[in-house]
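Per-entry structural report
Here is how the chains run, residue by residue.
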Amino acid sequence: MKLDSLIETVRSYDPAADVGLIARAYEFSERVHRGQKRASGEPYFTHPVEVAKIIASLHLDAPSVATALLHDTVEDTLTTLEEIERQFGSEVATLVDGVTKISQISFTSREEKQAENFRKMLLAMARDIRVILIKLADRTHNMRTLDALSPERQIEIAQETLDIYAPLAHRLGIYWMKSELEDQALRYLQPEVYYQLKRTVAKRKEERERYIAEVIAILRRKLEEAGIEAEVTGRPKHFYSIYQKMQTQNLHYDQIYDLIAFRIIVGTVRECYEALGVIHANWKPVPGRFKDYIALPKGNMYQSLHTTVIGPYGERMEVQIRTHEMHRVAEMGIAAHWKYKGGKHVDGHDAERFAWLRQLLEWLQNPSEPQEFLRLVKEDLFSDEVVVFTPKGECLSFPEGSTVIDFAYRIHSEVGNHCAGARVNGRLVPLRYCLRNGDTVEIITTSNQTPSSDWLNFVKTARARQKIRNWIKQQQRERSVAIGRELLQRDCSRYHLDYAKLRKQPDFSAVLQSLGVRDEESLFAAIGYGRLTPRQVLAKLVPAEQLQEHAAETGWRRLIKRVRRTEPPSVIVGGIDDVLVRFARCCSPVPGERIVGFLTRGRGVTVHTVDCPRVLESDPQRRVDVAWRSDAEAKQMVRVEVVCVNEPGLLSAVSGAISAVGVNINRASVRELPDQKALNVFELTVQHIDQLQRVLRNVSKVRGVVKVVRART
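Some points on the packing of aromatic side chains
This model, assessed by the stated rule, comprises 11 aromatic pairs. Relative to W628, the ring of F583 lies with its centre 5.7 Å away and its plane at 15°, an arrangement referred to as stacked. Residue F583 is found in strand β13 (residues 581-583), and its partner W628 is found in strand β17 (residues 626-628); the two are separated by 45 residues along the sequence. Note on W628: relative accessible area 16%, which makes it buried. Through successive ring pairs, a cluster of aromatic residues spans Y175, Y293 and Y302.

Here it is as structure tokens:
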């Protein structure tokens, strides 16, 4: 897109736009990117221009379009933020900074870098929503041109897009962008599925177009007869939504009937319901498939009536009914609400509408580990919603799968902490009950009820999870403080020492600092957790010769002697020598994977992978640093699940792909699935994570394989 064309597009929706700013940004970006090439070989400048084109299609303001043109200048050229601010002003500089990756910080892993980039982007988004819109436009164009990258990078970027950016586009209500990102991600993550769908859809193109035209004509006639002026369109569903339905319902493509969605756009809300009456009067509705998002809008303020009916020729037909304004919001999403002129980003009414942004900001204020942060965002913000009511009729939205405990913690922390049960629609339900659309929920509390660690296995929302963890952590700390105090005083007695006198020594604070604890309570807690031994503390407080006079082995030393190994373990535990090390069965760490240890009194250190759910649920104070020895050759058994088409020869082909990597198959089982597929479970012995990844790549290339994953218990 040439500059004149870009300016013309912006002026078409904002005649008063500062096009001079856009022109200066265009010329500056072209100059600093001159000579740079993309992986495809084309000039790099084509990328910022295409991003600016997408931003203009969202009808954003001139600073947003200018930022789109400049978004890679700080990261990929010698340009500094100070220079951007000097030439284009503080507003553009702030936006550019928001979409610039953190390239100067050293990270321990790709996951940590991804999480920190995402956190920075969301913090900037909380201040100015345009940041995320520009980032989404950037990702959309990158996905359109992903062919030029290596297969490994394609899979990595596509997975990140599916995990983070497509759900963000959904939350922001930009449905065309969400659909495109999901389809492009499917193309690289499941190429065989994508191209099979593409071939099948293309094969039926003429038949589908005839059907759409015929149904549109029937709908228009019926609406005209009822005196309703409407715009009627029809479109095939995008590939990823078809794929999701195939996966969730175990259906073959030929078994999915409502592949086409028809849209009716009318002038008023009243006409929406009148049009719905016309549809239901002429065709039988499918039970359970009607949704009223006008009366109960989605969290991103999407509004529409959705119904599925048995239409012409007995085919299922999905119909969406909305007003022109609702359609504008559905297409433009949050961009249809936000105000940019005069520095005002959002008015009070719209701020109330996008409550999830406030919730997001709340989680950003509570720093957590990178993997935990990403998991909270994915689970709490990006899942489908259910809408329920309080006994007073207040409407609350929750992620799909939320329980009555999630509801209780939304009301108040104390209500959650003392939740003993609930009444849903007037009847008693268990705490594990999953909320459903339209439920009216009343929480029953008792003073003697307290949170249980079991609750973490079924609560859904990040708020509930954090409150439960905080309570459990507090209880564990109190117990550890009591245990630590008792152990230290017992050792003092063994050495004929008086702890009350020792703690009054002038250098007691310096001793605490040298032991890495803040105060006396933290000292007791560290002993109770097993991070420090009473002997280590006394060695700092009492001369060595005085301790030697009354030398006695502590329980900790006896434990170490019992578990002392004759051969060095494959894992080094930071700060602790000769301690029992065992590998967790839940995640079966493989040499080369990032790992973390969990300290258990009397049982040594259990090694997990860093992304193991059990570690994420554990108390951070009990985690210890562990690392693989450079010469580690621990053979670990892992389980790999392969879903494939159920046809002769595939088991042999998959087994051959595994054996080709030099991996031994210890056990294999096959189970037939109801959708003409088969589930194959292989138990393999591998020596390194690279070996396992080669297995997964090899198997995924076998024709007929739908999905291959490493299974965890």
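Some details on unusual backbone geometry
Note on backbone geometry: most residues besides glycine have negative phi, and most peptide bonds are trans. You will see that H59, though not glycine, has its phi angle at about 65°, which is positive. On the basis of relative accessibility, which here comes to 45%, the residue H59 falls in the partly exposed class. With phi around 55°, N425 is a residue other than glycine that occupies positive phi space. Inspection of the secondary structure assignment puts N425 in the loop between β9 (419-424) and β10 (427-429).

Describing the side chain of S64
With respect to the helices, strands and loops of the structure, S64 is situated in helix α4 (residues 62-70). The residues touching S64, leaving out its near neighbours within four places in the chain, are I55, R130 and I134.

Re the pattern of salt bridges
Scanning the entire structure with this criterion turns up 16 salt bridges. Between E486 and R490 there is a salt bridge, with its nearest N and O atoms 2.9 Å apart. Of this pair, E486 and R490 are both found in helix α22 (residues 462-494), four residues apart, which corresponds to roughly one turn of the helix. For E486, a relative accessible area of 46% gives the class partly exposed. For R490, a relative accessible area of 43% puts it in the partly exposed group. Between E683 and R667 there is a salt bridge, with the nearest N and O atoms lying 3.9 Å from each other. One end of the pair, E683, is in strand β20 (residues 677-686); the other, R667, is in strand β19 (residues 664-672), and 16 residues separate them in sequence. One salt-bridge network, in which partners are shared between bridges, spans D61, E91 and R130.

What to know about α4
Taken across its nine residues, α4 has nine buried, putting it largely inside the fold. Inspection of α4 places A62, P63, S64, V65, A66, T67, A68, L69 and L70 among the buried residues, and these make up the whole buried set.

Some thoughts on the pairing of β20
Within β20, nine of the 10 residues are buried, which leaves the element mostly enclosed by the surrounding structure. Bridge analysis of strand β18 (residues 636-645) against β20 gives 10 bridges, and the strand direction is antiparallel. When the bridges of β20 are listed, C644 appears paired with A678. Across eight bridges, the pairing between β19 and β20 is antiparallel. Looking across to β20, one finds that N664 is bridged to T685.

Points about the sheet that holds β10
As summarised here, the arrangement of the three strands in space is β10-β9-β11, forming an open sheet in which the pairing is antiparallel. Among the strands making up the open sheet, the edge pair consists of β10 and β11 (441-445). For this sheet, the mean inter-axis angle between neighbouring strands, taken without regard to orientation, is 35°. Note: β9 against β11, five bridges, orientation antiparallel. Looking at β11, one finds that G421 is bridged to I444. Along the sheet, helix α20 (residues 404-411) contacts β9, β10 and β11; its crossing angle with β11, the most-contacted strand, is approximately 80°.

Some details on the sheet that holds β19
Strands pair in a sheet through their backbones, by hydrogen bonds, and they do so in one of two ways: parallel or antiparallel. On the basis of which strands lie adjacent, the open sheet formed by four strands has the order β19-β20-β18-β21 and antiparallel pairing. Among the strands making up the open sheet, the edge pair consists of β19 and β21 (705-711). The mean inter-strand angle of the sheet, taken between neighbouring strand axes irrespective of direction, is 20°. Against the sheet, helix α30 (residues 650-659) engages β18, β19, β20 and β21, with an angle of about 25° to β20.

Quick look at the environment of A137
Turning to its location among the elements, A137 is positioned in helix α9 (residues 130-144). Owing to a relative accessible area of 0%, A137 belongs among the buried residues under this scheme. Along the chain, A137 and V51 lie 86 residues apart, while their C-alpha atoms are 5.5 Å from each other. A137 has contacts with V51, I54, I55 and M177, leaving out every residue within four places of it along the chain.

What to know about the nonpolar core
For soluble globular proteins, nonpolar side chains are generally found buried alongside one another. Counting 74 residues, the largest nonpolar core has I22, I84 and L136 as the members making the most contacts within it. When residues of this core are assigned to their parent elements, the largest contribution, eight residues, is made by helix α10 (residues 151-171). The next biggest cluster of nonpolar side chains, apart from the first, holds 26 residues, and it includes I228, V232, L276 and V309.

Examining the packing of helix α6 (residues 81-88) against helix α7 (residues 90-99)
Helices that pack against each other are described as a pair by the angle of their axes relative to one another and the distance between those axes. Taken N-terminus to C-terminus, the directions of α6 and α7 make an angle of 145°; their axes are 7 Å apart at the nearest point. Here α6 runs over α7; the crossing is right-handed. Facing L81, I84, E85 and F88 of α6, the residues of α7 in contact are S90, V92, A93, V96 and D97. Residues that form the contact of α6 with α7 fall into these classes: six nonpolar, one polar and two charged.

Looking at the confidence of the model for the chain
Averaged over all residues, the pLDDT of the chain equals 81, while 81% of them reach at least 70. Taken together, the stretch residues 102-106 has pLDDT below 50 and engages in five contacts with residues farther than four places along the chain or on a different chain. Overall, residues 552-556 carries pLDDT values under 50, and its contacts beyond four positions in sequence, including any with other chains, amount to 11 contacts.

Section: the environment of V49
Examined against the element boundaries, V49 turns out to sit in helix α3 (residues 46-57). A residue is classified by how much of its surface remains accessible, and V49, at 5% relative accessible area, is buried. For the pair V49 and V65, spaced 16 residues apart in sequence, the C-alpha separation works out to 9.3 Å.

Brief notes about helix α31 (residues 689-700)
In this model α31 runs 17 Å from its N-terminal to its C-terminal C-alpha over 12 residues, within 8% of the 16 Å that 1.5 Å per residue would give. Of all the residues in α31, the buried ones are I689, Q691, L692, V695 and V699. One face of α31 carries all of its buried residues, which in axial projection span an arc of 160°. Those residues of α31 that are buried lie in contact with β18, α30, β20 and β21.

Topic: the environment of C272
Within the secondary structure layout, C272 lies in helix α15 (residues 269-282). As a C-alpha pair, C272 and L305 span 33 residues in sequence and 7.5 Å in three-dimensional space. Those residues in contact with C272 that lie beyond four places of it in its chain are V266, I294, L305, I321, R322 and T323.

Analysis parameters
Residues numbered from 1 in each chain as written. Predicted model: local features only at pLDDT ≥ 70, side-chain atom pairs only at ≥ 80, totals over all residues. Heavy atoms only, no water. Phe/Tyr/Trp six-rings, centres within 6.5 Å; stacked < 30°, edge-to-face > 60°. Helix = DSSP H or I, 4+ residues; strand = E, 2+ residues; numbered from the N terminus. Buried < 20%, exposed > 50% of the residue type's maximum accessible area, 1.4 Å probe, protein only. Contact = heavy atoms within 4.5 Å. Salt bridge = Lys/Arg side-chain N within 4 Å of Asp/Glu carboxyl O. Pairing = 2+ DSSP bridges. Axes fitted to C-alpha atoms, helices over the stretch in contact; angles between N-to-C directions. Core = buried A, V, L, I, M, F, W, Y, C linked by side-chain atoms within 4.5 Å. Left-handed = near helix turned anticlockwise from the far one by under 90°. Nonpolar A, V, L, I, M, F, W, Y, C, P; charged D, E, K, R; others polar. pLDDT = per-residue confidence, 0-100. Expected span 1.5 Å × (residues − 1). Arc of directions from axis to C-beta.

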